[in-house]
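# Observations on the model geometry
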Amino acid sequence: MSYCESVYAVVGQVPRGRVTTYRLIASALGNPRGCRAAGNALNRNPDPVGVPCYRVVKSDGTLGGYNGGLPEKIRRLRADGIEVRDNRVLSFDRILFSPAPLKRS
DNA sequence: ATTGGGGCCTCCG
DNA sequence: TCGGAGGCCCCAA
């Protein structure tokens, strides 16, 4: 399983109404420094339906980027009941989700 | 609030 | 195969 695929697998763990960060994803895969690589993987998200990459934000709670455009990312988050203001997720510390470590094969 | 430097991975020549 | 560029980042100044 490629790095990209494992990234998608981890993102799949994030429940509705919660968010996670690029950093946490990289950590779950065993390397906290791979955060940028994780972002790179999500950038070319092959399956926007099965992989809700809009639930992934920066480690400081700001939104980060989105292939479909930020407005779209915000809309999707709101649809999940998450409030966004000034490019930042509200109550970030309360809805932050830490993915379980994933073993790579 | 900005900025520069660092590090991980994938794609393309 | 090898090398370089770039990406939805992070953190210390």
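Residues numbered from 1 in each chain as written. Chains lettered and ligands numbered in written order. Predicted model: local features only at pLDDT ≥ 70, side-chain atom pairs only at ≥ 80, totals over all residues. Heavy atoms only, no water.

### Some remarks on the overall build of chain A
Per the secondary structure count, chain A includes five helices and four strands. Along chain A, from the amino end to the carboxyl end, the secondary structure elements read α-β-α-α-β-α-β-β-α. Its C-alpha atoms give chain A a radius of gyration of 13 Å, within 12% of the compact-globule value 13 Å for 105 residues. Dimensions of chain A, computed from C-alpha atoms along their principal axes, come out at roughly 40 × 25 × 20 Å. (Helix = DSSP H or I, 4+ residues; strand = E, 2+ residues; numbered from the N terminus. Rg over C-alpha atoms; globule rule 2.2 N^0.38 Å.)

### Side note on the layout of surface pockets
Here the largest pocket is characterised by a volume of approximately 250 Å³. As for the largest pocket, its lining consists of 13 residues, and the residues nearest its centre are Tyr 22, Gly 39, Leu 42, Gly 65 and Tyr 66. In terms of residues, the lining of the largest pocket owes the most to one element, helix H3 (residues 35-43), which gives six residues. By residue class, the composition of the lining of the largest pocket is five nonpolar, six polar and two charged. (1 Å grid on protein atoms, 1.4 Å probe; cavity = no way out; pocket = protein on both sides within 12 Å on 5 of 7 lines; lining within 4 Å. Points joined across faces, edges and corners; volume = space filled by probe spheres on them. Nonpolar A, V, L, I, M, F, W, Y, C, P; charged D, E, K, R; others polar.)

### Here we look at the protein's contact with DNA strand B
By nearness alone, every residue bordering DNA strand B is listed as Tyr 3, Cys 4, Asn 31, Arg 33, Gly 34, Arg 36, Ala 37 and Asn 40. One nitrogen or oxygen atom from the main chain of Tyr 3 is found 3.4 Å from a phosphate oxygen belonging to DNA strand B. Side-chain polar atom of Arg 36 to a base nitrogen of DNA strand B: 2.9 Å apart, as the coordinates give it. Elements supplying a minimum of two residues to the surface near DNA strand B: helix H1 (3-11) and H3. Broken down by class, the residue content of the surface near DNA strand B amounts to three nonpolar, three polar and two charged. (Near = heavy atom within 4 Å. Polar contact = N/O pair within 3.5 Å; in protein donor to acceptor, adjacent residues only side chain to side chain.)

### Things to note about the protein's contact with DNA strand C
In the region of DNA strand C, 15 residues are neighbours, and Tyr 22, Arg 23, Asn 40, Leu 42 and Asn 43 sit closest. Measuring from a phosphate oxygen of DNA strand C, one finds a side-chain N or O atom of Arg 23 at 2.7 Å. For DNA strand C, a base nitrogen lies 2.8 Å from a polar atom in the side chain of Asn 40. For the surface near DNA strand C, the secondary structure elements donating two or more residues are helix H2 (22-28) and H3. Here the element with the most residues in the surface near DNA strand C is H3; it accounts for seven residues. For the surface near DNA strand C, the class distribution of residues is six nonpolar, six polar and three charged.

### Observations concerning the side chain of Thr 21
With respect to the helices and strands, Thr 21 occurs in strand S1 (residues 20-21). From its side chain, Thr 21 meets the backbone nitrogen of Leu 24 in a polar contact 3.0 Å long.

### Thoughts on the packing of H1 against H3
For the pair H1 and H3, interaxial distance at closest approach is 9 Å and the crossing angle is 85°. Here H3 runs roughly perpendicular to H1, going by the angle between their axes. Every residue of H3 that contacts H1 at Tyr 3, Cys 4, Val 7, Tyr 8 and Val 11 is listed here: Ala 37, Ala 38, Ala 41 and Leu 42. Looking at the contact of H1 with H3 residue by residue, the class counts come to nine nonpolar, no polar and no charged. (Axes fitted to C-alpha atoms, helices over the stretch in contact; angles between N-to-C directions. Parallel < 35°, antiparallel > 145°, perpendicular 65-115°, else oblique. Contact = heavy atoms within 4.5 Å.)

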